[in-house]
Amino acid sequence: MPDFEWELVAAFNRFFESEGIRGVAYRLKQSRYTSQVVDLLVDSPHPSYYLAVECKSLDARKAKTLYYSQHFSLAGGVHQIDRLDRFIEVSGRRGALAVELRQGPGKPKAAHLIPWKTVIDGFRSESPGIPVEAIETIPPLGRENGAYRIEAGDLEGLSI
């Protein structure tokens, strides 16, 4: 998982640099003894690029659904999605769930940015999770020389 997070940080920062946009992405430090609010923060004076991104990586050969109960934590009696939603609300950031689908050795990985509204609506509907088939309907991030590539269009559908 941490590799995926670092790959996304690099992709966001390459995007800002190549487009001449003021912004920076960074990964929050994880600690065994403190809860981490979100995996990545993206800061920019441009509201479209002021983001909180949670990352999940799935072996798509085995997992057919990203389950809310299995792939997200419960700390202090509060579900991770509720904690993330509260952070997104009070910070004014746009939110996204980045899901990397791994297909196994020798096959390319694909990352999809799911708008936070889609995640929270599914969670509140008491659905057990997000099916891999639904994740795959969202166009994947591009790849260039094995690295993820983010373009402005990848971020347009993310809601506040």
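Please read all numbers here as calculations on a predicted model, not as lab measurements. (Residues numbered from 1 in each chain as written. Predicted model: local features only at pLDDT ≥ 70, side-chain atom pairs only at ≥ 80, totals over all residues. Heavy atoms only, no water.)

Here's the deal with the pattern of salt bridges
And step 1. Under the counting rule described, the total for this entry stands at twelve salt bridges.
And step 2. As a salt-bridge pair, Glu5 and Arg27 come within 2.3 Å of each other at their nearest N and O atoms. Taken as a pair, Glu5 in helix α1 (residues 2-19) and Arg27 in strand β1 (residues 24-27) lie far apart in primary sequence, 22 residues in all. The burial state of Glu5 is the same as that of Arg27; both residues are buried. (Salt bridge = Lys/Arg side-chain N within 4 Å of Asp/Glu carboxyl O. Helix = DSSP H or I, 4+ residues; strand = E, 2+ residues; numbered from the N terminus. Buried < 20%, exposed > 50% of the residue type's maximum accessible area, 1.4 Å probe, protein only.)

Observations concerning helix α2 (residues 80-91)
And step 1. Helix length check: α2 (twelve residues) gives 16 Å between terminal C-alpha atoms against 16 Å at 1.5 Å per residue, within 8%.
And step 2. Taken residue by residue, α2 has Gln80, Ile81, Leu84, Asp85 and Ile88 as its buried positions. Projected onto a plane normal to the axis of α2, the buried residues spread over an arc of 130° and lie on a single side. With respect to the buried face of α2, the exposed residues turned more than 90 degrees away are Arg86, Glu89 and Val90.
And step 3. In this structure, the buried side of α2 is in contact with β3 (51-59), β6 (78-79), β7 (94-102) and α3 (116-124).
And step 4. The positive-phi residue at the C-terminal boundary of α2 is Gly92, with phi of around 80°. (Expected span 1.5 Å × (residues − 1). Arc of directions from axis to C-beta. Contact = heavy atoms within 4.5 Å.)

So, the side chain of His79
And step 1. Among the secondary structure elements, His79 is positioned in strand β6.
And step 2. Under the relative-accessibility criterion, His79 is labelled buried at 14%.
And step 3. In terms of polar contacts, His79 uses its side chain to reach the backbone carbonyl oxygen of Tyr68, at 2.9 Å. (Polar contact = N/O pair within 3.5 Å; in protein donor to acceptor, adjacent residues only side chain to side chain.)

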